[in-house]
Amino acid sequence: MDWHEWHQAYDAPGSYLSRRLALVQRRIADALDEAPAGPLTAVSVCAGQGRDLIGVLARHPRGGDVRARLVELDERNVAVARRLAAGAGLEGVEVVAGDAAATDAYADLAPADLVLLCGVLGNITDADVRTTFDHCTRLCRPGGVLVWTRTRHYDTGVCDWLKERDFEALWVSGPDVPYGVGAHRYTGPGGPLARGRRMFTFVGYDVLRHPGPVPVVTPPPAAERRRGSGG
């Protein structure tokens, strides 16, 4: 899967991705509308080109209040995200080329007011989804908002898994919508994010939808990433 080319569907009006993006951006805007006054922090896991968060921050009145870190493996997507952030004058947005599954990528910014898991949960196993949610109780501050996407959210119990971890549903797309989007507020006690942990292995939906053993995917060397591996 070429994750840089995959993003081209966002530019097609009425496409699956452009319609899903609109729902995600609405949830992000709602979270900013309801956030307390003062500086805010946000992290985006497997951020891609950052169109969701950057697109909202560029036009939202609270955009300048947000210090954000977007972590993405594909350096072509990183370059696009950096251009978008710079073009919008978002000095508080940092785009990092690296392994988004590593807790070290977020440890100095977490717990955050806003956590994005968009384009992640549909590309990892159910076991890794639950492990990632465990880490979200440290990625997200008490009272903060988690925005996520996963098409198979009803038949896999995503909302139940979040509820078990003290995430309260604010909005979840219904079964009539072919793209799962949700926003949950963290109501638990929180705590520091552990360093040196891996939250998940990014497998890819194209692999997960075929039966058989799930391969272990490890981040490629830096030189390979510069040629553009998936993220």
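Above: the structure in question.
How each quantity is defined
- Residues numbered from 1 in each chain as written.
- Predicted model: local features only at pLDDT ≥ 70, side-chain atom pairs only at ≥ 80, totals over all residues.
- Heavy atoms only, no water.
- Helix = DSSP H or I, 4+ residues; strand = E, 2+ residues; numbered from the N terminus.
- Rg over C-alpha atoms; globule rule 2.2 N^0.38 Å.
- Buried < 20%, exposed > 50% of the residue type's maximum accessible area, 1.4 Å probe, protein only.
- Contact = heavy atoms within 4.5 Å.
- Areas by Shrake-Rupley, 256 points an atom, 1.4 Å probe, with all protein chains shown as cover.
- Lys, Arg positive; Asp, Glu negative; His and termini not counted.
- Charge placed at Lys NZ, Arg CZ, Asp CG, Glu CD.
- Expected span 1.5 Å × (residues − 1).
- Pairing = 2+ DSSP bridges.
- Axes fitted to C-alpha atoms, helices over the stretch in contact; angles between N-to-C directions.
- Core = buried A, V, L, I, M, F, W, Y, C linked by side-chain atoms within 4.5 Å.
- Right-handed = clockwise from strand over helix to strand, strands pointing away.

A short note on the overall build of the chain
Stage number 1. Helix and strand counts for the chain come out as eight helices and seven strands.
Stage number 2. Here the C-alpha radius of gyration of the chain, 16 Å, is about what a compact globule of 231 residues would show, namely 17 Å.
Stage number 3. Considering only C-alpha atoms, the chain reaches an extent of 45 × 40 × 40 Å along its principal axes.
Stage number 4. Within the chain, the proportion of its 231 residues that are buried is 51%.
Stage number 5. Within the chain, residue pairs in contact and separated by at least 24 positions form 78% of the contacts whose partners lie at least 6 positions apart.
Stage number 6. Of the accessible surface of the chain, which amounts to about 10300 Å², a share of 52% is contributed by carbon and sulfur atoms.
Stage number 7. Computing the positive centroid from 27 side-chain charges and the negative centroid from 28, the chain places the two 1 Å apart.

Focus on helix α2 (residues 16-34)
The periodicity of an α-helix, 3.6 residues per turn, causes residues three or four positions apart to be oriented the same way.
Stage number 1. Spanning 19 residues, α2 covers 28 Å between terminal C-alpha atoms, matching the ideal 27 Å at 1.5 Å per step.
Stage number 2. Turning to α2, its buried residues number three or more, namely L17, S18, R20, L21, V24, Q25, R27, I28, A29, A31 and L32.

Points about the sheet that holds strand β6 (residues 167-172)
Pairing between the strands of a sheet comes from backbone hydrogen bonds, and it takes one of two forms, parallel or antiparallel.
Stage number 1. Taking strand neighbours across the sheet as the criterion, the seven strands line up as β3-β2-β1-β4-β5-β7-β6 in an open arrangement whose pairing is mixed. The open sheet has two edge strands, β3 (93-97) and β6, and neither has a second partner. Strand-to-strand, the axes of this sheet are offset by a mean angle of 15°, without reference to chain direction.
Stage number 2. Two strands pair when backbone bridges link them, and β6 and strand β7 (residues 181-186) are joined in this way by five bridges, in the antiparallel orientation. Counterpart to A169 in the pairing with β7 is H184.
Stage number 3. Here α2 sits on the sheet and contacts β1 (40-45), β2 (66-72), β4 (112-117), β5 (140-149), β6 and β7; the angle it forms with β7, its principal contact strand, is near 20°.
Stage number 4. Of the strands in this sheet, β2 and β3 are in contact with helix α4 (residues 75-87), which crosses β3 at around 170°.

Thoughts on the nonpolar core
Stage number 1. Grouped together as the largest cluster of nonpolar side chains are 33 residues, with contacts concentrated most on V45, Y106, L117, F133, L139, L146 and F200.
Stage number 2. Those elements giving two or more residues to this core turn out to be β1, β4, α5 (126-139), β5 and α6 (158-164).
Stage number 3. The biggest single contributor to this core is α5, with four residues.
Stage number 4. If we skip the residues at most four places from it in the chain, F200 touches V45, C46, A100, A101, V120, I124, D128 and T132.
Stage number 5. Counting residues in hydrophobic clusters, the runner-up holds 29 residues, among them L32, L57, A85 and V95.

A closer look at the pairing of β2
Stage number 1. Most of β2 sits inside the fold, with six of its seven residues counted as buried.
Stage number 2. Alignment of β1 against β2, held across six bridges, turns out to be parallel. Each residue of the ladder has a partner; that of L40, found in β2, is V66.
Stage number 3. Between the parallel pair β1 and β2, the chain is carried across by helix α3 (residues 51-57), and the sense of this crossover is right-handed.
Stage number 4. Of the pairings in the sheet, the one linking β2 to β3 comprises five bridges and is parallel in character. The residue of β3 that forms the bridge with R69 is E94.

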